[in-house]
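# Coordinate analysis (summary)
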Amino acid sequence: MSFASSVKDDLVRVYSQKPCCRLAELLAFIRINGNIRLGLAVSENQGNRLPSGAYYQNSGLSGLGISMTTEHAGSARKIFRLSKDLFQLETKIIVHRKTKLRKNQVFNLQIGPQTGLEKLLDLLGFADREQLWGLEAGQLLASESLIKPCCRRAYLRGAFLASGSVNDPERDYHLEITLNDKEQGSLLQLLLADFMIRAKIVRRKQAFVLYLKDGPNIVNMLNIMGSHRALLDFENTRVVKEVRNQVNRMVNFENANLNKTVDAGMRQCADIRLIERKLGFSGLPAVLRQAAEARMEAPQASLNELSKQMGVGRSALNHRLRRLTEIADGFRG
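My aim in this report is to walk through the structure given alongside it, one point at a time. (Residues numbered from 1 in each chain as written. Predicted model: local features only at pLDDT ≥ 70, side-chain atom pairs only at ≥ 80, totals over all residues. Heavy atoms only, no water.)

Within the chain, the regular secondary structure consists of eleven helices and ten strands. For the chain, with 333 residues in total, the buried portion stands at 47%. When contacts within the chain are restricted to residue pairs at least 6 apart in sequence, those whose partners lie at least 24 apart make up 69%. Counting every atom, the chain has about 17,900 Å² of accessible surface; 50% of that belongs to carbon and sulfur. (Helix = DSSP H or I, 4+ residues; strand = E, 2+ residues; numbered from the N terminus. Buried < 20%, exposed > 50% of the residue type's maximum accessible area, 1.4 Å probe, protein only. Contact = heavy atoms within 4.5 Å. Areas by Shrake-Rupley, 256 points an atom, 1.4 Å probe, with all protein chains shown as cover.)

Next up, the structure:
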């Protein structure tokens, strides 16, 4: 099971006792995932997805239906329950299996024209008193449905159930929600900003994607939506991963320093051997001869280790070894 499925399994278990929060969650799912069907029964039409801000004149709203699709069985059950509890609507669930790629099961929820659907469309902001209906997401932030922080949390939860995904933190940090238009993404951005989360939006083919790419923000969003079990798994993996990365950086740093020390020691030994051939140690001052002999005895020792063995300061030893290199460079011409 994917990590995204684990998150959704957590979210479907969150069933608020407040009708306002249940309404906000249903509102988010339908606005992001739903298709509005016109004219005939839902089961007989392919339907049309409405762009945000588009309005259509409909006489009486009696011919409308709603269709939603998800591959997560728990989400289908939850939306079925929400529509039943809030509006006593009969919802039909049709299950089929994809024929390509992973061949997952797909759950199609269809709410056909029936008594009570007009109330749902009205309360969700899909219809007004003049019998105009549409998907104007920009006005939702100031509506009664999203005034309370608990309702905003529920809306984010419904949005993720509708079309959200999150990578396994073992791979990389990435959470996204796919949307039909940028206005829906702007609404989610504003909701997340209330919780100090900065999300970005990018266009991907015909859709817009709201995404987060850093661990702390993803953890915060999981907490806001109510996915606490997945949050703990995410945090455990993130901590282990960051500790492992830190250890790897330290090991790489130590290896780089060790290689640098060994290379410097080998170059200094080559300089000292050249001086010995050309001049001999007897031609060197006592302090330089002492430094040359110490380096030849311990070619792989670091400057700190060598200075402690000789009982001299690190800077003094470094100066003497540089002086030996200058003498060798003089012989090389």
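Packing of helix α2 (residues 19–33) against helix α5 (residues 149–163) brings their axes to within 7 Å, and their N-to-C directions diverge by 35 degrees. Once α2 is placed against α5, the crossing between them reads as right-handed. Packed against α2, whose contacting residues are C20, C21, A24, E25, L27, A28, F29, R31, I32 and N33, the element α5 presents C150, C151, A154, Y155, R157, G158, A159, L161, A162 and S163 at the interface. Looking at the contact of α2 with α5 residue by residue, the classes come out as 14 nonpolar, three polar and three charged. (Axes fitted to C-alpha atoms, helices over the stretch in contact; angles between N-to-C directions. Left-handed = near helix turned anticlockwise from the far one by under 90°. Nonpolar A, V, L, I, M, F, W, Y, C, P; charged D, E, K, R; others polar.)

Before going further, it helps to spend a moment on α5. The end-to-end C-alpha distance of α5 is 22 Å, a good match for the 21 Å that 15 residues give at a rise of 1.5 Å each. In terms of burial, α5 is largely enclosed, as eleven of its 15 residues are buried. By the burial criterion, the buried members of α5 are C151, R152, A154, Y155, L156, R157, G158, A159, F160, L161 and A162. (Expected span 1.5 Å × (residues − 1).)

This part takes up the packing of aromatic side chains. Summed over the entire model, instances satisfying the criterion amount to two aromatic pairs. Here F3 and F234 contribute two aromatic rings whose centre-to-centre distance is 5.9 Å and whose plane-to-plane angle is 45 degrees, an arrangement assigned as tilted. One end of the pair, F3, is in helix α1 (residues 3–12); the other, F234, is in helix α8 (residues 228–278), with 231 residues separating them in the sequence. Accessibility classification places F3 together with F234 in one group, the buried group. Consider the rings of Y173 and F234, whose centres lie 5.7 Å apart with planes at 40 degrees: the pair is tilted. (Phe/Tyr/Trp six-rings, centres within 6.5 Å; stacked < 30°, edge-to-face > 60°.)

Glancing now at helix α9 (residues 286–297). Taking 1.5 Å of rise per residue, twelve residues should cover 16 Å, and α9 covers 17 Å from first to last C-alpha, within 8% of that figure. For α9, the complete set of buried residues consists of L288, A291, A292, A294 and R295. An end-on view of α9 places all buried positions within 165 degrees of arc, on one side of the element. Considering only its buried residues, α9 is in contact with α8, α10 (303–310) and α11 (314–332). (Arc of directions from axis to C-beta.)

The next point concerns the pattern of salt bridges. Per the stated rule, a full pass over the model turns up 14 salt bridges. Here R204 and E176 are joined by a salt bridge, their closest N and O atoms 3.1 Å apart. Here E176 lies in strand β8 (residues 175–179) and R204 lies in strand β9 (residues 200–204), a separation of 28 residues in the sequence. Residue R204 is classed as partly exposed on the basis of its relative accessible area of 41%. Judged by its relative accessible area of 11%, E176 is buried. Measuring nitrogen to oxygen at the nearest pair gives 3.4 Å for the salt bridge that ties R323 to E326. Linking R323 with E326, this pair stays in helix α11, spanning three residues, or about one helical turn. Given the relative accessible area of 37%, R323 is considered partly exposed. (Salt bridge = Lys/Arg side-chain N within 4 Å of Asp/Glu carboxyl O.)

To continue, consider the sheet that holds strand β5 (residues 105–111). The strand order β1-β3-β5-β4 describes an open sheet built from four strands, whose pairing is antiparallel. Each edge of the open sheet is held by one strand with a lone partner, namely β1 (35–37) and β4 (92–97). Averaged over all adjacent pairs, the angle separating strand axes in this sheet is 25 degrees, with direction ignored. As paired strands, β4 and β5 are joined by six bridges and run antiparallel to one another. Directly across from V95, in β5, lies its bridge partner F107. (Pairing = 2+ DSSP bridges.)

As far as function goes, none of this settles anything; it's purely spatial.
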